[in-house]
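What the coordinates show
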Amino acid sequence: MKKILFFIFVCFTILLSAQKKAYGDGEWFKFRIHYGPITAGYATLKVEDTILHNKEVFHVQGEGHTTGITKLLFNVDDYYQSYIDKALDIPYRFIRKIDEGGYTKDLVIDFDYDTQKAIVTNNKYKTVHQEPIPDNVQDMVSSFYYLRNHLQTSNIKQDDVFDMNMFFDRGNYKFRLKFLGRETLKTTFGKVPTMVFRPYVESGRVFEEEESLTVWVTDDANKMPILIKADLVIGSLKATLTEYKGLTHQFKIIPE
């Protein structure tokens, strides 16, 4: 009897864990990057199941490319990848390969949790070095997916702040996210209930100030990004979700 009850408990726990996942294998987003009516490029995010070091992981792949006249003026070809443990929601490997108007990076970061080290391989300069990492560290990509799974939004209040350990390129940073409130957004899909967040970013080369980035995510179990606005040194840039597929949960749209 005890074994049966234990088995039922384990199955129930697994079922609850599965229900809490905001994303899964096959999820895919496409964003239009634009300055007002002018399309500057497109970006995609996709999630696939795979195996890394004999562990089941989500392989998240992000790409961003300029197009048209923007490509001629300032060519951008960015590739990001993160391998995220399906059970623990921690990254094992992060890849950043970018070319932004001639500014290039080609990095592979492997996270070793036994030694609490990040092994940073710089393919551009043919170097390898290690950096210490804190507990529960995330990379640029995995942080977004971690928040989608773990950020409790049912009782969230305006101006609530959430902190996270992030490893970026070759150092540890405190990533902070502030909740601004809820808003119904008019989109090509219809009226969508959203939650509005402000990630705090490093000011300088690209962003005007720390509070230059605003993100709208769906106020449903998917917590998918539907609009991103960045106030840059060269003007205001938006990324608008134009296509999606493979959602784990129903997309909440307010009927007309």
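Structure: above.
Report on the accompanying structure. Predicted, not measured: the structure shown is a model, and the values here were computed from it.

Here is what the cut-offs are and how they apply
Residues numbered from 1 in each chain as written. Predicted model: local features only at pLDDT ≥ 70, side-chain atom pairs only at ≥ 80, totals over all residues. Heavy atoms only, no water. Helix = DSSP H or I, 4+ residues; strand = E, 2+ residues; numbered from the N terminus. Buried < 20%, exposed > 50% of the residue type's maximum accessible area, 1.4 Å probe, protein only. Contact = heavy atoms within 4.5 Å. Pairing = 2+ DSSP bridges. Core = buried A, V, L, I, M, F, W, Y, C linked by side-chain atoms within 4.5 Å. Polar contact = N/O pair within 3.5 Å; in protein donor to acceptor, adjacent residues only side chain to side chain. Salt bridge = Lys/Arg side-chain N within 4 Å of Asp/Glu carboxyl O. Phe/Tyr/Trp six-rings, centres within 6.5 Å; stacked < 30°, edge-to-face > 60°. Lys NZ or Arg CZ within 6 Å of the ring centre and 35° of its normal.

Side note on unusual backbone geometry
Of note, the phi angle at Lys-126 is positive, near 60°, even though the residue is not glycine. Its location among the elements puts Lys-126 in the loop between strand S7 (117-122) and strand S8 (127-132). Classification of Lys-126 by relative accessible area gives exposed; the value is 73%. Backbone geometry at Asp-169 places phi at a positive 65°, although glycine is not the residue there. Within the secondary structure, Asp-169 is located in the loop between strand S9 (161-168) and strand S10 (171-187).

So, the environment of Phe-31
Counting through the fold element by element, Phe-31 comes out in strand S1 (residues 28-35). On the basis of relative accessible area, Phe-31 is assigned to the buried category, the value being 5%. Sequence separation between Phe-31 and Glu-243 is 212 residues, and the spatial gap between their C-alpha atoms is 7.1 Å. Residues within four places of Phe-31 in sequence aside, it is in contact with Gly-41, Tyr-42, Ala-43, Leu-45, Pro-225, Ala-239, Thr-240, Leu-241 and Thr-242.

Digging into the pairing of strand S14 (residues 235-245)
For S1 and S14, the ladder comprises seven bridges, and the chain directions are antiparallel. Looking at S14, one finds that Phe-29 is bridged to Tyr-244. Pairing analysis gives six bridges linking strand S13 (residues 225-232) to S14, with the strands arranged antiparallel. Across the sheet, Ala-230 pairs through a bridge with Leu-237, a residue of S14.

Considering the nonpolar core
Within the largest apolar cluster, 37 residues are counted, with the highest numbers of intra-cluster contacts made by Phe-31, Val-60, Ile-109, Phe-111, Tyr-145, Phe-167 and Ile-226. Considering each element in turn, this core owes the most residues, four residues, to S13. For Val-60, the contacting residues outside a window of four places in its chain are Leu-45, Lys-46, Val-47, Tyr-80, Gln-81, Ser-82, Ile-84, Val-141 and Tyr-145. Counting 12 residues, the second largest nonpolar core, distinct from the first, contains Leu-151, Phe-175, Met-195 and Phe-197.

Thoughts on the side chain of Ser-143
In this fold, Ser-143 is placed in helix H3 (residues 142-150). Classification of Ser-143 as buried rests on a relative accessible area of 4%. Engagement of the side chain of Ser-143 in a polar contact is seen with the backbone oxygen of Met-140, the distance being 3.1 Å. Each residue touching Ser-143, except ones within four places of it in the same chain, is listed here: Gln-138, Met-164 and Met-166.

Here we look at the pattern of salt bridges
Taken as a whole, this structure holds 11 salt bridges when the rule is applied. With a shortest N-O distance of 2.7 Å, Arg-93 and Asp-110 are connected by a salt bridge. One end of the pair, Arg-93, is in strand S5 (residues 91-100); the other, Asp-110, is in strand S6 (residues 103-112), with 17 residues separating them in the sequence. Take Arg-93: its relative accessible area is 22%, and that puts it in the partly exposed class. Here Asp-163 ties to Arg-176 by a salt bridge, and the two come within 2.6 Å at their closest N and O atoms. With Asp-163 in strand S9 and Arg-176 in strand S10, this pair connects stretches of sequence that are 13 residues apart. Taking relative accessible area as the criterion, Arg-176 reaches 37% and is therefore assigned partly exposed. Here the residues in one salt-bridge network are Arg-96, Lys-105 and Asp-169, joined through shared partners.

Let's talk about the packing of aromatic side chains
This model, assessed by the stated rule, comprises 13 aromatic pairs. Ring centres 4.8 Å apart and planes at 70° place the aromatic pair Tyr-23 and Tyr-145 in the edge-to-face group. Here the residue Tyr-23 occupies a position in the loop between helix H1 (2-20) and S1, and Tyr-145 occupies one in helix H3, the gap between them amounting to 122 residues. Judged by relative accessible area, Tyr-23 falls into the buried class, the value being 2%. Owing to a relative accessible area of 1%, Tyr-145 belongs among the buried residues under this scheme. With 5.8 Å between their ring centres and 70° between their planes, Phe-189 and Phe-251 make a pair best called edge-to-face. Taken as a pair, Phe-189 in the loop between S10 and strand S11 (190-200) and Phe-251 in the segment after S14 lie far apart in primary sequence, 62 residues in all. The buried category is assigned to Phe-251, whose relative accessible area is 10%. Grouped by ring-pair contacts, the aromatic residues Tyr-23, Phe-58, Phe-144 and Tyr-145 constitute a single cluster. Here the guanidinium or amino end of Lys-30 rests over the ring plane of Tyr-42, the centre of that ring lying 4.8 Å away. Above the ring of Trp-28, the side-chain terminus of Lys-245 is found at 5.3 Å from the ring centroid.

No statement about biological role is implied by the geometric values presented.
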